[in-house]
Each structure stands twice: as structure tokens, then as C-alpha cells.
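Chain by chain, the residues run as shown.
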Amino acid sequence: MDKRFARKLLAVFVICAALVSVSVSPAAAGASAVTVDTLGPASAVTSTSVAEQVGDRIWTVTSGVSPIQVGAFDPVSRTVDRKLTLPTGAGAWAMTHIGADLYVGLYTPGDLYRVDTVSGTATKVARFGSFIWSIAATPDGKIVVGTYPDGGVHEYDPASGATKTYGAAVPGQQYVRSIAADATTIYAGVGTRAYLIAIDRATGERRNVLPAQYADRTFVATLSLSGTKLAAGLSPTGTMLVFDTTDLSNPVEVQTPGGDQYVTAITIDEPTGDIYLGTRPSGTFYRYVDSALTRLGSPYDGAYFNRIFVDGSTIRAELTSQVVEYDSATGTFTGTDLGTAGLPPAPEQPMGIAATATSVLVSGKAGIQVHDLAAGTSTRTFLPGEAKTLTPVGPDVYLGVYTLARLWSMQPDGSGLRELDRIGNEQTRPTDATYDARSKTWLIATEPDYGKYDGTLTERHLDTGDLEVHRGVVPQQSVRSVATSDGIGYLGGATRNSLGTEPILPEATVVAFDLRRNRTLWEVTPLLDAQSYSDVAVYRGRLYATTDDGRLAVLDLRTGKVLSTVSIGTSQSQLTIARSGLFGTDSKRVFQVVPQGSGPPSVTTVVDGLGAQIYGFPLITTSHTGDALYTIKGRDLVRIGNLPSEK
């Protein structure tokens, strides 16, 4: 959420209130006078997460957009010359093929489609829960899949249409993030605690073949199998293990250099046995042969390799929105943007929002949509990651980026993008951010990596560049939300520390933290059974805290005492402060919260029927001048003006 108006508006609140009362008539202040202007798709992108080569075409599928588009890229003409739409799903992480039939595993729901690449038709053949993470074809023509959140391994037989399940690869683990199979065995890469499970296809018997010294990893996230050679990528250390499947007890460790944490793609060249791999966050391409790892180059900083294809001397890779070809003679890459090749951008589910004097910024997959307020146009700025938080401060906008909790800055027009720092400390997902003008400090709340515990409050001092990371400042929780006032940070916790963990505490807490002295002033549990405080905001000398189950608590800033509570809906909400008051959204509607002389505040709907299709948390921000709100309706950006004043 955008809290940058809080300190400024509190300082001039009396003046602003007087101006509003003069310029707005009682009739105009009513809900019927509110204006809603649609500014077009909030964020549009061509984003892919997986690819597969069938014949002479590289097939890929869009993610995070609706409807999903499956496209075939011709490397000769460098165009997407075949395309079809899938009627279900939000995206895909999994593809494989048997002959000319392409199999695509989707998420939300976990539908499995067969695409006949000759006729260009698609048929849904099975459903495996809500999320198919991984997929592979067996030598005898079966399809095996790994799923979330059951952490299951399943099988589909194209000949009969029958399905079977092998159950959870590891009881209690939610992810089968990677999968491979030979004639007798399924290999399942598991997380959030790393396992490599070998499952006997005939009996269902299983064993963990990951050596004990790697048990502290979070995922076996990538697998590639060719003959008896099995290569596995481990997170978050950027390690690759190479197994001989005839004796799985002694894999060879290959450690990628430079601090990369993920091996996102591995391909074993069948004729030679050479292994090609791509890593992040650097986006580096390697070849492993004769026990030596050789750096081949990088298409660009932060490149995400989805799939690598080796065809003799020709090497290609499919990235987030490109297909690149590697020239081994020069060590360079030639890229083709899939959007211009024929797989055009489509409206996606937005992830973050902020307003500046000249633009409204909406983040999504691998980029930020810059809406130019004067021109009424929008452009896309590439970002190697997902900006979960956007915080305008002076002439710059500061970004908290997933994964790896990376900190970036840019200018309001999308130019000048640069990485500033990384939070580290096993953190991966920024959840909220704000700016403390008193200390000139950008505050970022984070959630730890998969399977890890204790989020952070991070202080990035913009005047010095110093970074302070306070892990566990909200004890035994991730930090879900942050607000600030007079050098005090107010933090909302979430009992679920990270994906793949079980809560330690029965209820979430709210913490007041002195930024100058680095000490906790108070910690309270405001509401019974609250699992997460989706937002906190300081307004009129009180702390407002919303929960993920639709409640709001008003707290005393000095002591944390609960002054009042009120129901504001049934789900999580985000808050923002405008000239005329405190507003929020739960993605269904925009509402106004008005303090009362005594008792709980009143909550009134300002705009209804948003039906916002967002990825993550509800999105709302206040215009630079404080006289309007920006939020999401469907997948469009809307401006809400002529806001009601408090009564």
C-alpha cells in the first residue's frame, strides 16, 4: 500500500480540510458524485514459464494472463506461426511431449491438456488438483506429473485415458517441483525441504536418494534425465548434482559460482552427454563437460532460462519473453521477443501499484507498466523479477523485488532502473514498504524463503545507502505490513512464516519498533484468531490494522491498546490516506473509514463492483496530490475522483 501521504497530510491536515470544505458542496461529497475513470489494462505482458520443442517448433504458453495462449515459435522465420487458446487455467509451469502430442500442465486449476501440434487442437484429458508444477513423459508413453499443495505424484495413460496416483512423495511436503522418469523409476524433486525421491513405478516403493548433506536445501527444483545420467538443481545454493541412475549413492557436485541461488533449466545433450544449464539471478549460461563448468555468457542481466534446446551445434533457450540463440563462435546471443513475434502482450493480474506526479506504476511479471498521466499512454519497463512493493520518494521510486528480496530504484517514467542491494537473511518476498521522512529511511517488510521462518523489517537509509536488517522483529512470524510515524515503525505479522511452513503461534501480533534505538516498544495481539494483519496505517494519531479475515482494529500508538474494532468485510484489505480521509479496498469495493468521537469508526462503501483480478494482495494508492485514488477493476486501472469527505 502507499502510505507516503501520511506524514505530509498530518502536517497540513487542518489546511487541507478547510480547502475541501470550501471547494466541495455537501451534495458533491456524497457517494453518488464519485467519479470512476477507466485508464485501460493495468498491466499487459507476454510472460512464459515453460517451453518444449516438438519437431522444428519451440512451443510455449503464457502465464498470468487470461485466456492462456499456446504458441509455436519458428526459429527460422522467428515468428509465432501457430497459436491456440486454452479455456481454463491461469498459467502453466509444465510441458512435455510424446511424438507430435504436446502435454501442458496448468495451475488454478491443475488441468492437463493434450495439444495435437499437427491439427492445432487442444483437449483436456485430466485434472490433478489445483496446481501442476512438473511433468515428464516416460519411455513407455505415460505422462507423470508433480503437484501442489498435496506434494503428489500422479500418472496419466494417453492410450487408455486412465489416471493413477502414487500419493505424496514425502508426507507433509507440499511441492513436487520437478519430475523425471525412466522405464522403471519416477524421480520427484521435492520442497520446501529438499528431497529427491525415487519411486518404483511397479510397486510404488520409494526412497530418498538425496545425500544427507543437502537436506538443508529448500528444493530439488530442476531435473533432467538422459539415459542413465540424471542432473538435479538445488535451491537456494545454485548447486547441481549429477547422478548415475545405476548407482544413485555417489552424485557429483557442481557448484555454480558468483552467488547464484537457482538452477532454473538443465538440458543433457543426448549424443554427447554434455550438460547445459542456466542460473539466476545473474542469468548465466553454462556448459558442464569432463568435470569442468564453463561460463558461456548471459543474454542479459537477470535472464530467466525456462528451457534449453541443443540440436547439434545449434543451441537455443526460451526465456521469460524471448527465444535466444547462442553463437558458440562469438559467445553472443541473438534474441527474438515473443510479443513482437506473434504472441502479443495481454492483461495480467497486477502485483503492485504506486502513483507519482507524472505516472501511475503497476507491476507484474518481469516488468512494470508505466501509465503516463499527461499523455494517457502506457509503456512497459523490463524488470528481472516481480516488484511486490513500489515506494515513491522524491524523484525516485524504490522497488522491493521478488525473488531474493532484491532492492531496486527507477525514475517515474520507467528509466534509470538499477539494483541497489539485497536483503539476504533467507528472505525472498517483499510484502509491504513505506518511507520514514524523519530518518530518511525506506522500510521494507519481508517474508522468508520457502520452508524458512522469521521475516524481517529492513531499513534502507537513502541518505547513506546503509542497510539494516532486523530478522524476527515480529517474533516467529513473517512481516506482512508496515507503517511509520515519527521514527516508529508499526509492523503487522503473519503466522504463516513462508510457503511450506506451519504456523508456530496461534495468532498474529502487531509490533511497534523504535527505528532510532532499534528496539521493540510494544507487541500486542489485537484480535482473537487473526492469522495475518494485511495492512497497518497511521491516521489521526491512531494505528489502523486490518486482518485477512475482514476485521479492523484501532490501536493506541503509544501503548498498542485496542481502542475499538469493526468488521469491514470478509477478506484482506489495503489502506491508503487521501486528502479527504482514510480509504481502503478488499478488491471487491473501495470503502472509507471515518473515525467517530467514541466507539468504532464507520465504514462506508465508496465504489462497488470492482471484481479486481490481482495476484496477491489488494491494490490501492493515492494520487500525488491526494485528491484521487487509483485501484484495479477487473484487470483495468481506474481513477476514483471526487472523493467523499469525512462527516
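Keep in mind that this is a model prediction, so the values were computed, not measured. (Residues numbered from 1 in each chain as written. Predicted model: local features only at pLDDT ≥ 70, side-chain atom pairs only at ≥ 80, totals over all residues. Heavy atoms only, no water.)

J.: Tell me about the overall build of the protein chain, and please be specific about residues and values.
T.: Looking only at helices and strands, the protein chain has 3 helices and 58 strands in total. In terms of C-alpha radius of gyration, the protein chain reaches 26 Å, essentially the compact-globule figure of 26 Å for 647 residues. With respect to the three principal axes, the spread of C-alpha positions in the protein chain is 80 × 50 × 50 Å. When each of the 647 residues of the protein chain is scored for burial, the buried share is 59%. (Helix = DSSP H or I, 4+ residues; strand = E, 2+ residues; numbered from the N terminus. Rg over C-alpha atoms; globule rule 2.2 N^0.38 Å. Buried < 20%, exposed > 50% of the residue type's maximum accessible area, 1.4 Å probe, protein only.)

J.: Break down the packing of aromatic side chains for me, with residues and values.
T.: Following the criterion strictly, the structure yields 19 aromatic pairs and no others. Consider the rings of W133 and Y175, whose centres lie 6.3 Å apart with planes at 50 degrees: the pair is tilted. Placement of W133 in strand β11 (residues 131-137) and of Y175 in strand β15 (residues 175-181) is noted, with a sequence separation of 42 residues between them. The structure contains a cluster of three or more aromatic residues connected by ring pairs, namely W93, Y107, F131, W133, Y148, Y175, F219 and Y450. Over the ring of W133 we find R177; its NZ or CZ atom is 4.0 Å from the centre of that ring. Across from the ring centre of Y402, 4.2 Å away, lies the NZ or CZ of R429, which sits over that ring. (Phe/Tyr/Trp six-rings, centres within 6.5 Å; stacked < 30°, edge-to-face > 60°. Lys NZ or Arg CZ within 6 Å of the ring centre and 35° of its normal.)

J.: Can you explain the nonpolar core? Please cite residues and give values.
T.: Formed by 18 residues in total, the largest nonpolar core has its most connected members in Y490, V510, W522, Y533, V538, L543 and L555. The contact partners of Y490, leaving out residues within four places of it in the chain, are S481, V482, A483, T484, S485, V511, A512, W522, V536, V538, L543 and L557. (Core = buried A, V, L, I, M, F, W, Y, C linked by side-chain atoms within 4.5 Å. Contact = heavy atoms within 4.5 Å.)

J.: Lay out the confidence of the model for the protein chain with the relevant residues and their values.
T.: For the protein chain, mean pLDDT is 94; residues scoring 70 or higher make up 95% of the total. Per-residue pLDDT stays below 50 along residues 1-31; that stretch engages in 58 contacts with residues further than four places along the chain or on separate chains. (pLDDT = per-residue confidence, 0-100.)

J.: So what's going on with the environment of R540? Residues and values would help.
T.: Mapped onto the elements of the fold, R540 is located in the loop between β48 (533-539) and β49 (542-547). Overall, R540 belongs to the partly exposed group, its relative accessible area being 41%. Residues R540 and Y166, spaced 374 residues apart in sequence, show a C-alpha to C-alpha distance of 57 Å. Within the local environment of R540, its side chain forms a polar contact with the side chain of E646, the two groups lying 2.8 Å apart. (Polar contact = N/O pair within 3.5 Å; in protein donor to acceptor, adjacent residues only side chain to side chain.)

J.: So what about the sheet that holds strand β41 (residues 441-448)? Which residues, and what values?
T.: Read from one edge of the open sheet, 4 strands run β40-β41-β42-β43, paired in antiparallel fashion. Looking at which strands have only one partner, the edges of the open sheet turn out to be β40 (427-436) and β43 (467-471). Each strand axis lies, on average, 20 degrees off the axis of its neighbour in the sheet, ignoring direction. (Pairing = 2+ DSSP bridges. Axes fitted to C-alpha atoms, helices over the stretch in contact; angles between N-to-C directions.)

J.: So what about the pattern of salt bridges? Which residues, and what values?
T.: Between side chains of opposite charge, a pair can form when the charged atoms approach closely. The full count for this structure, using the stated rule, is 25 salt bridges. Notably, a salt bridge pairs R57 with D81, separated by 2.7 Å at the nearest N-O pair. Taken together, the positions of R57 in strand β4 (residues 57-62) and D81 in strand β6 (residues 79-86) put the pair 24 residues apart, joining distant regions of the chain. Taking the relative accessible area as the measure of exposure, D81 reaches 36% and is therefore partly exposed. Here R201 makes a salt bridge to E155, at a shortest N to O gap of 3.8 Å. One end of the pair, R201, is in the loop between β17 (195-200) and β18 (206-208); the other, E155, is in strand β13 (residues 152-156), with 46 residues separating them in the sequence. You'll find R201 and E155 in the same group, each marked buried. (Salt bridge = Lys/Arg side-chain N within 4 Å of Asp/Glu carboxyl O.)

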